[in-house]
Amino acid sequence: KNQVEQSPQSLIILEGKNCTLQCNYTVSPFSNLRWYKQDTGRGPVSLTIMTFSENTKSNGRYTATLDADTKQSSLHITASQLSDSASYICVVIPSGAGSYQLTFGKGTKLSVIP
Amino acid sequence: IAGITQAPTSQILAAGRRMTLRCTQDMRHNAMYWYRQDLGLGLRLIHYSNTAGTTGKGEVPDGYSVSRANTDDFPLTLASAVPSQTSVYFCASSTDRGLGTQYFGPGTRLTVL
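The shown structure was predicted, so the numbers you read here are calculated from the model rather than taken from an experiment.

Conventions and cut-offs
Residues numbered from 1 in each chain as written. Chains lettered and ligands numbered in written order. Predicted model: local features only at pLDDT ≥ 70, side-chain atom pairs only at ≥ 80, totals over all residues. Heavy atoms only, no water. Helix = DSSP H or I, 4+ residues; strand = E, 2+ residues; numbered from the N terminus. Buried < 20%, exposed > 50% of the residue type's maximum accessible area, 1.4 Å probe, protein only. Pairing = 2+ DSSP bridges. Axes fitted to C-alpha atoms, helices over the stretch in contact; angles between N-to-C directions. Phe/Tyr/Trp six-rings, centres within 6.5 Å; stacked < 30°, edge-to-face > 60°. Lys NZ or Arg CZ within 6 Å of the ring centre and 35° of its normal. Contact = heavy atoms within 4.5 Å. Buried area = accessible area lost by both parts, 1.4 Å probe. Salt bridge = Lys/Arg side-chain N within 4 Å of Asp/Glu carboxyl O. Polar contact = N/O pair within 3.5 Å; in protein donor to acceptor, adjacent residues only side chain to side chain. Nonpolar A, V, L, I, M, F, W, Y, C, P; charged D, E, K, R; others polar. Disulfide = S-S within 2.5 Å. Core = buried A, V, L, I, M, F, W, Y, C linked by side-chain atoms within 4.5 Å.

**Considering unusual backbone geometry**
Here comes step 1: Residues Ser7 of chain A and Pro8 of chain A are joined by a peptide bond in cis, for which omega reads -10°.
Here comes step 2: Pro8 of chain B follows Ala7 of chain B through a cis peptide bond whose omega is -5°.
Here comes step 3: Along the chain, Pro8 of chain B turns up in the loop between β1 (4-7) and β2 (10-13).
Here comes step 4: Here Ala79 of chain A, not a glycine, exhibits a phi torsion of approximately 50°, which is positive.
Here comes step 5: Mapped onto the secondary structure, Ala79 of chain A falls in the loop between β8 (72-77) and β9 (86-94).
Here comes step 6: Its identity as a non-glycine residue notwithstanding, Arg28 of chain B has a phi of 60°, on the positive side.
Here comes step 7: On the secondary structure map, Arg28 of chain B appears in the loop between β3 (19-25) and β4 (31-37).
Here comes step 8: Arg28 of chain B gets classed as exposed once you look at its relative accessible area, which sits at 55%.

Structure below.
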């Protein structure tokens, strides 16, 4: 069964600090991997999309990395802000006929405190 | 404003009642999806539609039905609600099946008593 495991489950950091969130997956064959940000009480919003051939993708203070060989991805947040407090969800999309069947991680809940 | 709208925002429902959650998008996306999100679990796909007139079952389709009469609307119906269907329901859409970015609605919080 395709799985996406995220760590840590939750994280508290001080405003201005950096942090890195991890995602390990077993989905194969693999089309692309996405990171979503979900604010409390809202729907998820896409941060980055990476195909299997990409190693890194940035979106402002967010940088995602991908190692397709080890099936690992990370999301690095630089100079965190209070507005970064949210759940961050790793999503892996298989290739082929099953590409509609996205596999979602359970998310990492990030709290940025002043 | 372009995007996805869902209605109602929240609902408390007696077990056994019928309920339809509404979802409308104005981005002319071909593909639409319904997910449920439960505490401690990732988003799980209930049903999807690749284009108007077609639907398919996702990971957890039992107890739910959908229709896709046109491009914009994708309602989700619970024929006879049960307490295990208490959840937050998200509708999403994308230009292409699975490969394009999925845009999510604000969600419907449903409580079945």
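**A few points about the sheet that holds strand β3 (residues 19-25) of chain A**
Residue and element names in this part refer to chain A.
Here comes step 1: With antiparallel pairing, the five strands of this open sheet are ordered in space as β1-β3-β8-β7-β6. On the outer flanks of this sheet lie β1 (4-7) and β6 (56-59), each paired with one strand and no other. Each strand axis lies, on average, 15° off the axis of its neighbour in the sheet, ignoring direction.
Here comes step 2: When β3 meets β8, the two strands line up antiparallel, connected through six bridges. Residue pairing across strands places Cys23 opposite Ser73, the latter belonging to β8.

**What to know about the packing of aromatic side chains**
Here comes step 1: Counted by the stated rule, this structure contains seven aromatic pairs over all chains.
Here comes step 2: Between Tyr62 of chain A and Tyr88 of chain A, the aromatic rings sit 6.1 Å apart at their centres with planes inclined by 45°, giving tilted as the arrangement. Here the residue Tyr62 of chain A occupies a position in strand β7 (residues 62-67), and Tyr88 of chain A occupies one in strand β9, the gap between them amounting to 26 residues. The same class applies to Tyr62 of chain A as to Tyr88 of chain A, namely buried.
Here comes step 3: Members of the aromatic cluster, joined through ring pairs, are Tyr36 and Phe104 of chain A together with Tyr33, Tyr35 and Phe104 of chain B.
Here comes step 4: If you follow Arg68 of chain B out to its NZ or CZ, it ends over the ring of Phe74 of chain B, 6.0 Å from the centre.

**Topic: the environment of Glu15 of chain A**
Residue and element names in this part refer to chain A.
Here comes step 1: Relative to the assigned elements, Glu15 resides in the loop between β2 (10-14) and β3.
Here comes step 2: Judged by relative accessible area, which is 42%, Glu15 ranks as partly exposed.
Here comes step 3: When the C-alpha positions of Glu15 and Ser85 are compared, they lie 10.0 Å apart, and in sequence the two are 70 residues distant.

**Focus on the interface of chain A and chain B**
When the parts come together, some accessible area is lost, and that loss is often what is quoted as the size of the interface.
Here comes step 1: Each partner contributes residues to the interface: chain A has 23 residues there, and chain B has 22 residues.
Here comes step 2: In total, about 1,600 Å² of surface goes out of reach between chain A and chain B, with carbon and sulfur atoms giving 54% of it.
Here comes step 3: Inspection of the region where chain A meets chain B yields zero salt bridges.
Here comes step 4: Connecting chain A to chain B are two residue pairs in polar contact (both at pLDDT 80 or more).
Here comes step 5: Sorting elements by how many residues they give to the side of chain A that touches chain B places strand β4 (residues 30-38) of chain A first, with five residues.
Here comes step 6: Considering only residue class, the side of chain A that touches chain B consists of nine nonpolar, ten polar and four charged.

**Comments concerning the state of the cysteines**
Residues and elements named next belong to chain A.
Here comes step 1: One pass over the structure, following the stated rule, counts two disulfides over all chains.
Here comes step 2: Across a sulfur-sulfur distance of 2.0 Å, Cys23 and Cys90 are joined as a disulfide pair. Given an S-S torsion of about -65°, the disulfide between Cys23 and Cys90 has left-handed geometry. With a gap of 67 residues between them, Cys23 in strand β3 and Cys90 in strand β9 connect regions that are remote in the sequence. Considered together, Cys23 and Cys90 belong to a single accessibility category, that of buried residues.

**Overview of the nonpolar core**
Here comes step 1: Core analysis: the largest hydrophobic core is formed by 23 residues, its most contacted members being Tyr25, Leu33, Trp35, Leu75 and Tyr88 of chain A.
Here comes step 2: Residue assignment for this core shows that the elements contributing at least two residues are β3, β4, β5 (45-51), β7, β8, β9 and β11 (108-113) of chain A.
Here comes step 3: Setting aside its immediate chain neighbours within four residues, Leu33 of chain A contacts Cys23, Tyr25, Thr48, Ile49, Met50, Leu66, Ser73, Cys90, Val91 and Val92 of chain A.
Here comes step 4: One finds Cys23, Val66, Leu76 and Tyr89 of chain B within the second-largest nonpolar core, a separate group that totals 18 residues.

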